[in-house]
Amino acid sequence: SSGINAEYGGGGGGRGIAKLLISNLEYSVNDQDIRELFAEFGSIRNYSVHYDRSGRSLGTANVTYINKSDAARALKTYNNVPLDGKPMIIELVTDEPTTGGRGNGGNRNNNSYSNNRSRGGSGGR
């Protein structure tokens, strides 16, 4: 299984922030419970239980880890494990997968600018 982990690390470019979505939570579970459960796997960037407008728990929460490998271990350890009698359902959610595409667009624009500039130069002659 260590081979799979190494593969994940390469795919994520090494330093990937990873968000876990936890659902099917007992309604009494709060932010502190989530922090205590998930902090043991590594550094957490943020965490929160989701509430509706009247302050009732929606039974879902998210935890964002600074390292993908920590998130993967937490998922493996706690997925389908009962918390206060209800099995937690944990999914790995990736945020903003479009950053690479945006970068390419920028490069293309830069190229067209430089073409225009050189054409303008020859025209001035």
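An account of the accompanying structure is given in this report.

### Comments concerning the overall build of the protein chain
So, point 1. Within the protein chain, the secondary structure is distributed over four helices and six strands.
So, point 2. Along the protein chain, helices (α) and strands (β) appear in the sequence α-β-α-β-β-α-β-β-β-α when read from the amino end.
So, point 3. Taken across its 125 residues, the protein chain has 22% of its residues classed as buried.
So, point 4. Expressed as a percentage of contacts within the protein chain between residues at least 6 apart in sequence, the contacts between residues at least 24 apart total 61%.

### Focus on the sheet that holds strand E1 (residues 18-23)
So, point 1. The strand order across the open sheet built from four strands is E2-E3-E1-E6, with neighbouring strands paired in antiparallel fashion. Edge strands, defined here as strands with exactly one partner in the open sheet, are strand E2 (44-51) and strand E6 (89-93). Averaged over all pairs of adjacent strands, the angle between strand axes in this sheet comes to 20°, irrespective of strand direction.
So, point 2. Where E1 and E6 come together, five bridges link them in antiparallel fashion. Within E6, the position partnered with Lys19 by the bridge is Val93.
So, point 3. Its contacts with the sheet put helix H2 (residues 31-38) on E1, E2, strand E3 (57-65) and E6, and the angle it makes with E2 is roughly 145°.
So, point 4. Against the sheet, helix H3 (residues 68-78) engages E1, E3 and E6, with an angle of about 160° to E6.

### A short note on H3
So, point 1. Within the span of H3, buried status applies to Asp70, Ala71, Ala74 and Tyr78. Viewed end-on, H3 has its buried residues packed into an arc of 100°, placing them on one side of the element.
So, point 2. Taken from the residues just after H3, Asn80 is the one with a positive phi, measuring 70°.

### Topic: the pattern of salt bridges
So, point 1. Under the defined criterion, the tally for this structure stands at two salt bridges.
So, point 2. One salt bridge in this structure joins Asp70 and Arg73, with 3.3 Å as the shortest N-O distance. Of the two residues, Asp70 and Arg73 both sit in helix H3, three residues apart, roughly one turn of that helix.
So, point 3. Looking at Arg73, the relative accessible area reads 44%, which means it is partly exposed.

### Observations concerning the pairing of E3
So, point 1. Of all nine residues in E3, eight are buried, a share of seventy percent or more.
So, point 2. Pairing geometry for E1 and E3, over five bridges, is antiparallel. Bridge pairing links Leu21 to Asn62 in E3.
So, point 3. As judged from the six bridges shared by E2 and E3, these two strands associate in the antiparallel manner. Bridge pairing in E3 places Ser48 opposite Asn62.

Each value, and the rule that gives it
Residues numbered from 1 in each chain as written. Predicted model: local features only at pLDDT ≥ 70, side-chain atom pairs only at ≥ 80, totals over all residues. Heavy atoms only, no water. Helix = DSSP H or I, 4+ residues; strand = E, 2+ residues; numbered from the N terminus. Buried < 20%, exposed > 50% of the residue type's maximum accessible area, 1.4 Å probe, protein only. Contact = heavy atoms within 4.5 Å. Pairing = 2+ DSSP bridges. Axes fitted to C-alpha atoms, helices over the stretch in contact; angles between N-to-C directions. Arc of directions from axis to C-beta. Salt bridge = Lys/Arg side-chain N within 4 Å of Asp/Glu carboxyl O.

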